[in-house]
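# Structure at a glance
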Amino acid sequence: MSKSHRDLKIVVIGAGASGVACATKLLEYGFQNVLIVEAESRLGGRIHTIPFGENVIDLGAQWCHGEQDNIVYQLASQKDLLESTGPVYENYQCVRSNREVLPDNVANRLKAIVGDSLVSRQMELQHCSGSLGSYLTNKFYEMLRRPENADIDKVLANEFFDNYQKFENSVEASDSLEEVSGRGYLDYWECEGDILLNWKDKGFVELLRLLTRSRELETSSDLGVLEQRVLFNRAVKKILWNRNDSRVELQLSNGECCLADHVIVTVSLGVLKEQHLQMFDPQLPVAKQRAIQGLAFGTVNKIFVEFPEAFWPEDWTGFTLLWREEDLGDIRNTSRAWLEDVFGFYRVSYQPRVLAGWIINASGRHMESLDRNEVLAGCMYLFRRFLHWHIPDPVSFCTSAWYTNPNFRGSYSFRSMDTERLGTGAQDLAQPLTVVAMTPQSPARSRSRSRSLPQQSRCDRPIVQFAGEASSPHYYSTVHGAVEAGWREADRLADFYSLNDATAKSQL
Ligand SMILES: Cc1cc2nc3c(=O)[nH]c(=O)nc-3n(C[C@H](O)[C@H](O)[C@H](O)COP(=O)(O)OP(=O)(O)OC[C@H]3O[C@@H](n4cnc5c(N)ncnc54)[C@H](O)[C@@H]3O)c2cc1C
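An account of the accompanying structure is given in this report.

### Side note on the site of the ligand
Of all residues adjacent to the ligand, which total 39 residues, the nearest are Glu 38, Arg 46, Trp 63, Val 236 and Val 479. Here an oxygen atom of the ligand and a backbone polar atom of Ser 18 are 2.9 Å apart. With respect to the ligand, the backbone of Val 236 contributes an N or O atom lying 2.8 Å from a nitrogen atom. Notes on the ligand: free accessible area 1,000 Å², of which the protein chains cover 98%. Elements represented by at least two residues in the shell around the ligand include exactly helix H1 (17-28), helix H7 (269-279), strand S15 (300-306) and helix H15 (479-496). In terms of domain composition, the shell around the ligand takes at least three residues from each of domain 1 (5-45 + 204-295 + 414-507) and domain 2 (49-88 + 298-399).

Right, dumping it as structure tokens:
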């Protein structure tokens, strides 16, 4: 390898959390010819903070999930940027489609039943060969049959459990919990500590400021260390990775081409699923294709509604929508059927007049195709159908649309029954494409050259690498997983060129 590592051209595809983390880490290691190609006109990907109401909202990632072993927490807590959101998603009210509010004692007992199953889940799922859905259903009804729960109204319990499954689907991004692998669910490791830390009045975009060391990201005028290193509004259409010279050719949407020594792909699993057959030439190895097919990627969307004033009681942190079977006929098989999968609305930190709703599955994807006024009218129908107060007309309204955007094609990844059936996982997605090469000269080895020539041997040189949240073995579907995966691939290159942390620091 005649080139110094400083001159190697490295292209990172995608400027989401993973791409930004990877590129900034590569710069720290002293690689200087680093470029990000990004299809959107902004940094962040599924981190998307926008002004709304009295402050900002996050259309994608919103909370830092946990503290221990959480790279995002480690970065943000040094600057005191995070704050507990409190029990917003625990102390919610349960309201029925006849405007009845479940009494606290009933709601709390039903919440305790699903809460108890959370504890036993970790142990019991290890021996489960079925879906998370069948496990949770069996567990819920088994607990409901216990003598101490005999007095719980079964109709209410069904309504509650139906809603609870929608909530769990939003955690997984699954359409149905029957899709989710029971055992695969345990692949995800929850970081200890507070799992709902918000970014105060800043939004998740603050993480990008930390990574890039910039101040004014929202104006795109300051990309910090990435200044002049990001090509926006360019989608990579083709990755040609078996050229004779072992370089990788990228063809971009605007007709430009670029050659790179190393490429790091951080696009979402949704994009890979849709595009990998056309994108990679030659096609990806079978194990990689199996990972792309077997790992699952689903849609969750958010609905933000700003009211002129808060009409809900002080002590309400949010409310879930329990449909009575006899009322569902009012929307099923109508143009409002999608509303059945809006499962609740919750308060938003630093936004006293805003409620955030969540919608899952095919209904969430369908909502993206509707006219904005139709969506708002649907939400107002829900508010007025479920709540007994006068509901003022909203002053503004906004929804996310992660599925229809070709640069995402969904929200986040999970482990499905297909993942298990195909025996695949994050490690197969993360495996780099390599060519056989001679070991490169490390800076230390080069210095010793005048005295004696170092021994070189054959090795696998990574030329196309894969990062992104879905490639994280245990923190997939999160930003900390995405950042860690980006760093993992930067480290892989640094290891290949025998650069270490000390090298990184000396290059700063
Ligand atoms: C609604 C929602 C809520 C979430 N909530 C949380 C949360 O509270 N906490 C949490 O930790 N995580 C949350 N997540 C998950 C988190 O946002 C993601 O795991 C993380 O941001 C993914 O980062 P990434 O870099 O892997 O991918 P992405 O952010 O998708 O980045 C990939 C980038 O590649 C670009 N791209 C795509 N195709 C091309 C192409 N052909 N050429 C060039 N560029 C391309 C895209 O535009 C994008 O910018 C949430 C996600 C969603 C959608």
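Resuming the write-up.
### Considering the sheet that holds strand S8 (residues 230-231)
Pairing within the open sheet is mixed, and its 6 strands lie in the order S8-S2-S1-S12-S22-S21. The open sheet has two edge strands, S8 and strand S21 (433-438), and neither has a second partner. Pairing geometry for S21 and strand S22 (residues 458-466), over 6 bridges, is antiparallel. Paired with Val 435 across the bridge in S22 is Arg 461. Contacts from H1 reach strand S1 (9-13), strand S2 (33-37) and strand S12 (262-265), with the element oriented near 170° to S2.

### Some points on the environment of Ala 310
Turning to its location among the elements, Ala 310 is positioned in the loop between S15 and strand S16 (318-322). Given a relative accessible area of 39%, Ala 310 falls into the partly exposed group. Here the alpha-carbon distance between Ala 310 and Arg 353, two residues 43 residues apart in the chain, equals 4.9 Å. Ignoring sequence-local partners within four residues, the contact set of Ala 310 consists of Pro 352 and Arg 353.

### Section: the environment of Gly 133
Tracing the sequence through the fold places Gly 133 in helix H4 (residues 132-144). Judged by relative accessible area, which is 1%, Gly 133 ranks as buried. As for Gly 133 and His 474, which are separated by 341 residues in sequence, their C-alpha atoms are 21 Å apart. Residues contacting Gly 133, with those up to four places away along its chain left out, are Leu 177 and Glu 178.

### A word on the side chain of Arg 96
Within the secondary structure, Arg 96 is located in strand S6 (residues 93-96). Here Glu 159 takes part through its side chain, which lies 2.7 Å from a polar atom of the side chain of Arg 96.

### Side note on the environment of Ile 13
Mapped onto the secondary structure, Ile 13 falls in strand S1. Those residues in contact with Ile 13, other than ones at most four positions away along the chain, are Val 37, Val 236, Ile 239, Leu 250, Val 263, Ile 264, Val 265, Thr 266 and Val 267.

Rules used in this analysis
Residues numbered from 1 in each chain as written. Predicted model: local features only at pLDDT ≥ 70, side-chain atom pairs only at ≥ 80, totals over all residues. Heavy atoms only, no water. Near = heavy atom within 4 Å. Polar contact = N/O pair within 3.5 Å; in protein donor to acceptor, adjacent residues only side chain to side chain. Areas by Shrake-Rupley, 256 points an atom, 1.4 Å probe, with all protein chains shown as cover. Helix = DSSP H or I, 4+ residues; strand = E, 2+ residues; numbered from the N terminus. Domains from an automatic or database assignment. Pairing = 2+ DSSP bridges. Contact = heavy atoms within 4.5 Å. Axes fitted to C-alpha atoms, helices over the stretch in contact; angles between N-to-C directions. Buried < 20%, exposed > 50% of the residue type's maximum accessible area, 1.4 Å probe, protein only.

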